[in-house]
Amino acid sequence: MENFTASETSDSRRDWLKKSAAIAAGVLTGTVSLAAPEKKPVVTRRLPIAVSSYSYWPLTGTKYPIEKVIENAARIGFDGVEVLHRQMTEDSIAYQNKLKRLAFDSGLAMPLLSIHQNFLQPDVAKRKADIEHTFKCINIASQMGIPCVRMNTGSWGTIKNKRQTDYYTHGVEPPIEGYTDEDGIKWTIDGMGECLQYAEKAGIVLALENHWGLSSNIDYLLRMYNALKSSPSMGLNVDTGNFVGEPYAGLEKLAPYATIVQAKTYYGGGTFYDKEMDYTRIGKIFQKANYKGFVSLEMEGKENPETSVPKSLELLRKAFTFTA
């Protein structure tokens, strides 16, 4: 034990008396408050934010190299990169390994491979071809260490130019003559079922997206999801922007099932349509649903990605940092 002299004990007592007197005087004069300090929000979870390579190449013009997307993402401060399959310059193992190594060296995850297929085709051979394409993409995801593949229901193709019609205001596409949406739902469930059997063996999740077409009807989408959810590889990709009108009611329905989230921004005006997005509100929807996974930015505006992507990251970081 330490020994204290009488002088030291006396000095400590005098200091305590002085501090007590000062506090008492402050209370009497109103300069010191006894109220408890205001509690600051406590961060409970920060969701990881990725950027889709689509943000730099919206399917038109010269392909923006995915290598450069990875470099940009690391410099700006993203946690990962979503790879758009159509943006890959080739499907060789060497190229896949190159992207995988670059992401690893950059400290970035690759949480999602976004691909396209169409189950809404009466021709069985065409549907089978898209299933085989999905098998191929599952192999690519496995090789690259990507745990999840984005899936589409597809479209009937009866509205030939969606950008120049009012399609995005209602989201309804008439079936091919002689068929119904019920046919499309069955074909999607059957096709996804085949793909899931293949994905289960590879340990890859297939996340069906609300990506217009048949899936713009949220009730249809949930019917298909529920029919397939017994598979350990079945997932749901929730896109914040792919809704007719305001997105919040639809997000409330889908958020509890989300495997991954794609978050749209529209700086400079939308490429296909403009949509006001309250990301504070959206973040709270996913916090309420106890969502823990990746959020992947899809910047779909006309502003240069060099400025719009960093702004989008700042927006999403704030919205998807959950507090109590």
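Now for the pairing of strand β8 (residues 260–265). Burial analysis of β8 places six of its six residues in the buried class, which makes it a mostly covered element. Covered by surrounding structure in β8 are Ile260, Gln262 and Lys264 together with Val261, Ala263 and Thr265, the residues of both alternating faces. In this sheet, β8 lies alongside strand β7 (residues 234–239) in parallel orientation, the contact comprising three bridges. Pairing of Asn237 across the sheet is with Ile260, part of β8. Bridge count for β8 against strand β9 (residues 295–299) is five bridges, and the pairing is parallel. Bridge pairing links Gln262 to Ser296 in β9. Between β8 and its parallel partner β9, the chain crosses via helix α9 (residues 279–288), and the hand of that crossover is right-handed.

The next point concerns the sheet that holds strand β2 (residues 49–52). In sheet architecture, strand pairing relies on hydrogen bonds along the backbone and comes in two forms, parallel and antiparallel. Taking strand neighbours around the barrel as the criterion, the eight strands line up as β2-β3-β4-β5-β6-β7-β8-β9 in a closed arrangement whose pairing is parallel. Ignoring strand direction, the axes of neighbouring strands in this sheet form an average angle of 30 degrees. Taken strand by strand, helix α2 (residues 66–76) contacts β2 and β3 (80–84), and its axis lies near 160 degrees from that of β3. Helix α10 (residues 305–319) rests against β2, β8 and β9 of the sheet, and its axis sits at about 145 degrees to β9.

With 21 residues, helix α4 (residues 124–144) extends 30 Å between its outermost C-alpha atoms, agreeing within 8% with the 30 Å of an ideal straight helix rising 1.5 Å per residue. Looking only at α4, the buried set comprises Arg127, Asp130, Ile131, Thr134, Phe135, Cys137, Ile138, Ile140, Ala141 and Met144. On its buried face, α4 sits against α3 (93–105), β4 (112–114), β5 (148–151), α6 (181–202) and β6 (205–209). Here α4 starts with a cap whose side-chain oxygen sits 2.9 Å from the backbone nitrogen of Ala125, and that cap is Asp123.

Moving on, we come to the packing of α2 against α10. As a packed pair, α2 and α10 sit with axes 11 Å apart at the nearest point and diverge in direction by 50 degrees. Here α2 lies oblique to α10, going by the angle between them. Here α2 runs over α10; the crossing is right-handed. From α2, Asn72, Arg75 and Ile76 reach across to α10, where they touch Glu306, Val309, Pro310 and Leu313. Considering only residue class, the contact of α2 with α10 consists of four nonpolar, one polar and two charged.

Before going further, it helps to spend a moment on the packing of aromatic side chains. When we look at a pair of aromatic rings, we describe it by the centre distance and by the angle of the planes. For the coordinates displayed, the defined rule picks out 16 aromatic pairs. When the centroid spacing of 6.3 Å and the interplanar angle of 45 degrees are considered together, the rings of Tyr168 and Phe272 count as tilted. In this pair, Tyr168 sits in helix α5 (residues 167–170) while Phe272 sits in the loop between β8 and α9, placing the two residues 104 residues apart along the sequence. Judged by centre distance (6.2 Å) and plane angle (55 degrees), the ring pair of Phe286 and Phe320 falls under tilted. In this pair, Phe286 is assigned in helix α9 and Phe320 in the loop between α10 and β10 (321–323), connecting sequence segments 34 residues apart. Here Phe286 falls in the buried class, since its relative accessible area comes to 0%. The class for Phe320 is buried, based on a relative accessible area of 1%. Among the aromatic residues, ring-to-ring pairing joins Tyr167, Tyr168, Trp212, Tyr266, Phe272 and Tyr273 into one connected group. Geometry around Tyr167 places Lys162 over its ring, the cationic atom sitting 5.3 Å from the centre. Against the face of Tyr248 rests Arg281, its NZ or CZ located 4.1 Å from the ring centre.

What counts, and where the lines are drawn
Residues numbered from 1 in each chain as written. Predicted model: local features only at pLDDT ≥ 70, side-chain atom pairs only at ≥ 80, totals over all residues. Heavy atoms only, no water. Buried < 20%, exposed > 50% of the residue type's maximum accessible area, 1.4 Å probe, protein only. Helix = DSSP H or I, 4+ residues; strand = E, 2+ residues; numbered from the N terminus. Pairing = 2+ DSSP bridges. Right-handed = clockwise from strand over helix to strand, strands pointing away. Axes fitted to C-alpha atoms, helices over the stretch in contact; angles between N-to-C directions. Contact = heavy atoms within 4.5 Å. Expected span 1.5 Å × (residues − 1). Polar contact = N/O pair within 3.5 Å; in protein donor to acceptor, adjacent residues only side chain to side chain. Parallel < 35°, antiparallel > 145°, perpendicular 65-115°, else oblique. Left-handed = near helix turned anticlockwise from the far one by under 90°. Nonpolar A, V, L, I, M, F, W, Y, C, P; charged D, E, K, R; others polar. Phe/Tyr/Trp six-rings, centres within 6.5 Å; stacked < 30°, edge-to-face > 60°. Lys NZ or Arg CZ within 6 Å of the ring centre and 35° of its normal.

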